[in-house]
Amino acid sequence: MTVATEILAEGKTKILRPGLSPNEVRVTFKDAATAFNGKKYAEIPGKGQLNAQISTLLFKLLESAGVPTCFVRAGETSSELVYRPLTMIPLEVVVRNYAYGSIIKRFDFEEGMPFQKPLVEFFHKTSDDPQITEALILELNLVPNQAVLEAIQLMALQINEVFLQFFGPRGIRCADFKLEFGIDPDGKLLLGDELSPDNFRLRDTQTGAVLDKDVFRLDLADLAETYRHLLGRMQGPATQAAPPTRLHTYQAEVFVQSRKSILNPESKAILEGLHVLGYQSVQTLNAGKRIVIQVQAESLLAAEKQVRQVAETVLSNPVIEDYELRLKP
Ligand code: 5GP
């Protein structure tokens, strides 16, 4: 079988080519290292292969935790992966657990300080990637709607929890990372891009040694050697206890409504009242309730589990009612 050599797109560190079927694209990780918006550049033999391997490991980790990603399988060569094609959302979604990098230039945080709760920041993917507010993201139609933006935020936090549980017991502090998302041909939101140390800040918990692209940005150590060492630790067993869990407060809204076919007494009374008042045009009505909950939990996933249990067992009657849950970070 001949493999297409046509290039669909080429960025600083990856090349996209058509896959064997329309449901796939091939992504080649280049050996190029860039920093400071392309001002610093080097060819580092072996980097592409290492980034493909590290991305594969983390994509598989996320898939097994139930996070939908673009990853399909490893490719024909060791620096190639096969992805589902996505229409990318032009946002860089940065999650921060500790203060490093641009946030300490923008605000007065001490380097390495832990945040009370993980932060999610958005940057617009343009020539200089400015930080952008949620209102502006919607104003510029960078996402299809607000629900997608909220889903991105929740997915980013869920991914962070998976990473903290993975890196922590391997003696690695996951300080921050950048994600990108896209919409697949079925309209589903998926994690895209790559999961390599180019996009992370990772530090050895004991020594503070830098295990990410900062070694290249700041000329601290050999990048390929650092990434190889990191991959070895990621492939190895967990050697330390998981980090102590911290409790966070999460807000949830539960909406409870009768099933469509069931007209509850309250809805019937409101409908009859409206008709008496002359609003004959109102044909159907389904009155429900909205319950606002604050819950303390160690993670967003744990909070969702608790609220779902409460919604199913206490707040709604599963025989005649449906519920919807909205969790806010
Ligand atoms: P900062 O905003 O502090 O510069 O970056 C936060 C995190 O996002 C870091 O882990 C950094 O590596 C990643 N990041 C931010 N912007 C980019 C980018 O344009 N390219 C890559 N590869 N990573 C980025």
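Conventions and cut-offs
- Residues numbered from 1 in each chain as written.
- Predicted model: local features only at pLDDT ≥ 70, side-chain atom pairs only at ≥ 80, totals over all residues.
- Heavy atoms only, no water.
- Near = heavy atom within 4 Å.
- Polar contact = N/O pair within 3.5 Å; in protein donor to acceptor, adjacent residues only side chain to side chain.
- Areas by Shrake-Rupley, 256 points an atom, 1.4 Å probe, with all protein chains shown as cover.
- Nonpolar A, V, L, I, M, F, W, Y, C, P; charged D, E, K, R; others polar.
- Domains from an automatic or database assignment.
- Buried area = accessible area lost by both parts, 1.4 Å probe.
- Salt bridge = Lys/Arg side-chain N within 4 Å of Asp/Glu carboxyl O.
- Helix = DSSP H or I, 4+ residues; strand = E, 2+ residues; numbered from the N terminus.
- Contact = heavy atoms within 4.5 Å.
- Core = buried A, V, L, I, M, F, W, Y, C linked by side-chain atoms within 4.5 Å.
- Buried < 20%, exposed > 50% of the residue type's maximum accessible area, 1.4 Å probe, protein only.
- Pairing = 2+ DSSP bridges.
- Axes fitted to C-alpha atoms, helices over the stretch in contact; angles between N-to-C directions.
- Left-handed = near helix turned anticlockwise from the far one by under 90°.

Asks: Can you help me understand the site of the ligand in this one?
Replies: Near the ligand there are 15 residues, and of these Arg96, Ser102, Asp176, Asn199 and Arg201 occur at the shortest range. Asp198 places a polar main-chain atom, nitrogen or oxygen, 3.3 Å from a nitrogen atom of the ligand. A distance of 2.9 Å is found between a nitrogen atom of the ligand and a side-chain nitrogen or oxygen belonging to Asn199. With the chains in place, 79% of the 490 Å² that the ligand exposes on its own is no longer accessible. Looking at the shell around the ligand residue by residue, the class counts come to 4 nonpolar, 3 polar and 8 charged.

Asks: Teacher, can you tell me more about the domain arrangement of the chain here?
Replies: Where interface size is given, it is often the accessible area lost as the parts come together that is meant. Per the domain assignment, the segments making up the chain are domain 1 (9-83), domain 2 (87-235) and domain 3 (248-328). Summarising the inter-unit geometry, the C-alpha centres of domain 2 and domain 3 are found 35 Å apart. Counting each side, the surface lost to burial between domain 2 and domain 3 is near 680 Å², with a carbon and sulfur contribution of 58%. At the junction of domain 2 with domain 3, the criterion picks out 1 salt bridge. A salt bridge links Arg326 to Glu150, with the nearest nitrogen and oxygen atoms 3.0 Å apart. Scanning the region where domain 2 abuts domain 3 turns up 2 residue pairs in polar contact (both at pLDDT 80 or more). Of all the secondary structure elements, the ones that give two or more residues to the side of domain 2 that touches domain 3 are β10 (114-124) and α4 (146-167).

Asks: What am I meant to see in the side chain of Ser196 here?
Replies: Tracing the backbone shows Ser196 in the loop between β13 (189-191) and β14 (200-204). One polar contact links Ser196 to Glu194, side chain to side chain, over a distance of 2.6 Å. The residues touching Ser196, leaving out its near neighbours within four places in the chain, are Asn51, Ile54 and Ser55.

Asks: Hey, could you run me through the nonpolar core in this one?
Replies: One recurring pattern in soluble globular proteins: nonpolar side chains tend to sit buried together. Among the nonpolar cores identified, the biggest contains 72 residues, and Leu91, Phe163, Phe167 and Phe181 are the most heavily contacted of them. For this core, the leading source of residues is α4, giving 11 residues. Beyond its immediate sequence surroundings of up to four residues, Phe163 is in contact with Leu58, Leu61, Leu62, Gly168, Cys174, Phe177, Leu195 and Phe200.

Asks: It is not clear to me how unusual backbone geometry should be interpreted in this structure. Could you clarify?
Replies: Leave glycine aside and you will find that most residues have negative phi; peptide bonds, for their part, are mostly trans. Backbone geometry at Phe36 places phi at a positive 50°, although glycine is not the residue there. One non-glycine residue with positive phi stands out, namely Asp193, at about 65°. Tracing the chain through its elements places Asp193 in the loop between β13 and β14. Owing to a relative accessible area of 12%, Asp193 belongs among the buried residues under this scheme.

Asks: Can you help me understand the sheet that holds strand β1 (residues 9-10) in this one?
Replies: Sheet strands associate in pairs through backbone hydrogen bonding, adopting either a parallel or an antiparallel arrangement. A sheet is described by the order of its strands in space; here 5 strands give the open sequence β1-β2-β3-β7-β6, paired in antiparallel fashion. Only two strands of the sheet have a single partner each, and these edge strands are β1 and β6 (71-74). Relative to strand β7 (residues 80-83), β6 runs antiparallel, the two sharing 3 bridges. Bridge assignment links Arg73 to a residue of β7, and that residue is Val82. Sheet strands in contact with helix α1 (residues 47-64) are β3 (25-29), β6 and β7, and its direction is about 35° off that of β7.

Asks: Would you mind going over the pairing of strand β2 (residues 14-18) with me for this structure?
Replies: Side-chain direction in a regular strand flips from residue to residue, so the side chains alternate between the two faces of the sheet. Summarising burial for β2: 4 of the 5 residues are buried, a large majority. Note that β1 and β2 share 2 bridges and pair antiparallel. Its bridge partner being in β2, Glu10 is matched across the sheet by Ile15. Counting the residues in the hairpin turn of β1 and β2 gives 3 residues. Note that β2 and β3 share 5 bridges and pair antiparallel. Across the sheet, the residue bridging to Arg17 is Arg26, located in β3.

Asks: Looking at this model, I keep getting lost on the sheet that holds strand β15 (residues 248-258). Mind explaining?
Replies: Reading across from one edge, β16-β15-β17 is the order of the 3 strands in this open sheet, with antiparallel pairing throughout. At either margin of the open sheet sits one strand with a lone partner, and together these are β16 (289-297) and β17 (321-328). The sheet shows a mean angle of 25° between the axes of neighbouring strands, direction not considered. Sheet analysis places β15 next to β17, joined by 8 bridges and oriented antiparallel. Within β17, the residue paired with Ala252 across the bridge is Leu327.

Asks: Where do I start with the environment of Ser21 in this structure?
Replies: Relative to the helices and strands, Ser21 resides in the loop between β2 and β3. A relative accessible area of 26% means that Ser21 is categorised as partly exposed.

Asks: What's the story with the packing of α1 against α4 in this structure? I'm lost.
Replies: When two helices pack together, you describe them by how their axes are tilted relative to each other and by the distance separating the axes. Where α1 meets α4, the axes come as close as 10 Å, and the angle between the chain directions of the two elements is 115°. Here α1 and α4 pass one another in a crossing that is right-handed. Facing α1, whose interface residues are Leu57, Leu58, Leu61 and Leu62, α4 presents Ile159, Val162, Phe163, Phe166 and Phe167. Among the residues making up the contact of α1 with α4, the classes are represented as 9 nonpolar, no polar and no charged.

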